[in-house]
Amino acid sequence: VPSGTGFNCVAVCEIGIQRFRVVFDSGAARNVIRTGFAEQLRASPKTKRATYGPRPMSDVINFVGVIAGMKTSDVTHATQLTMSFTDVESGKKATTELCFGELAEASDALMIGFPSLSLLGLSFDQDEDGNIWITLKALGVTLLAEIPGHNDRMARCLCQPLYPRVLDGPCVEAVEVFCRE
């Protein structure tokens, strides 16, 4: 059985006036933000008006994963974000507010978990070209998921920028690159 490279459901959102990638994780019980990323959002002039926190949580929680007995450090604070998603076909922008538990060692900077995804009316479709479409029914928007390229090349090439770019982060920005094996 060919295993290929697995991948997460990743799409672009806006926080304030800055674009970011967010992971949609239907297997996650909560929304999670890496603590360092939350601190950057609170400090940046482009995002701080859409970032509220840190706020103490009513209970200390831990996250558990796919390996029995393993758990994270204590999660004691949350950050609330005003997030926008833009429909790729109509250009309509829809906004929602979500709270994220702050986890210092989070593998993804920003992840929306199952309870919030279900409230947003998450659904997926894959077209004949292999594109994965994400619909957030409650917001009335459709997004395009970022997926690896053919033959897993995205995960196996070294990319170098063609032109120097200075980015004011945290941010996500498309840049032209030269790929070589």
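Residues numbered from 1 in each chain as written. Predicted model: local features only at pLDDT ≥ 70, side-chain atom pairs only at ≥ 80, totals over all residues. Heavy atoms only, no water.

Caption draft 1: Here's a closer look at the sheet that holds strand E9 (residues 132–136). Taken in spatial order, the three strands make up an open sheet running E8-E9-E10, and their pairing is antiparallel. Of all the strands in the sheet, just strand E8 (122–126) and strand E10 (141–144) have a single pairing partner and so form its edges. In this sheet, adjacent strand axes meet at a mean angle of 25° when their direction is disregarded. (Pairing = 2+ DSSP bridges. Helix = DSSP H or I, 4+ residues; strand = E, 2+ residues; numbered from the N terminus. Axes fitted to C-alpha atoms, helices over the stretch in contact; angles between N-to-C directions.)

Caption draft 2: Region of the structure containing the side chain of Thr35. Locating Thr35 in the fold gives a position in helix H1 (residues 35–43). Thr35 gets classed as buried once you look at its relative accessible area, which sits at 19%. (Buried < 20%, exposed > 50% of the residue type's maximum accessible area, 1.4 Å probe, protein only.)

Caption draft 3: Up close: the layout of surface pockets. Each pocket or cavity is described by its volume, and for the largest pocket that value is around 600 Å³. Lining the largest pocket are 20 residues; nearest its centre among them are Phe63, Val64, Gly65, Thr72 and Met111. Of the residues that constitute the lining of the largest pocket, the class distribution is 11 nonpolar, five polar and four charged. (1 Å grid on protein atoms, 1.4 Å probe; cavity = no way out; pocket = protein on both sides within 12 Å on 5 of 7 lines; lining within 4 Å. Points joined across faces, edges and corners; volume = space filled by probe spheres on them. Nonpolar A, V, L, I, M, F, W, Y, C, P; charged D, E, K, R; others polar.)

Geometric descriptors of this kind do not, in isolation, establish any biological role.
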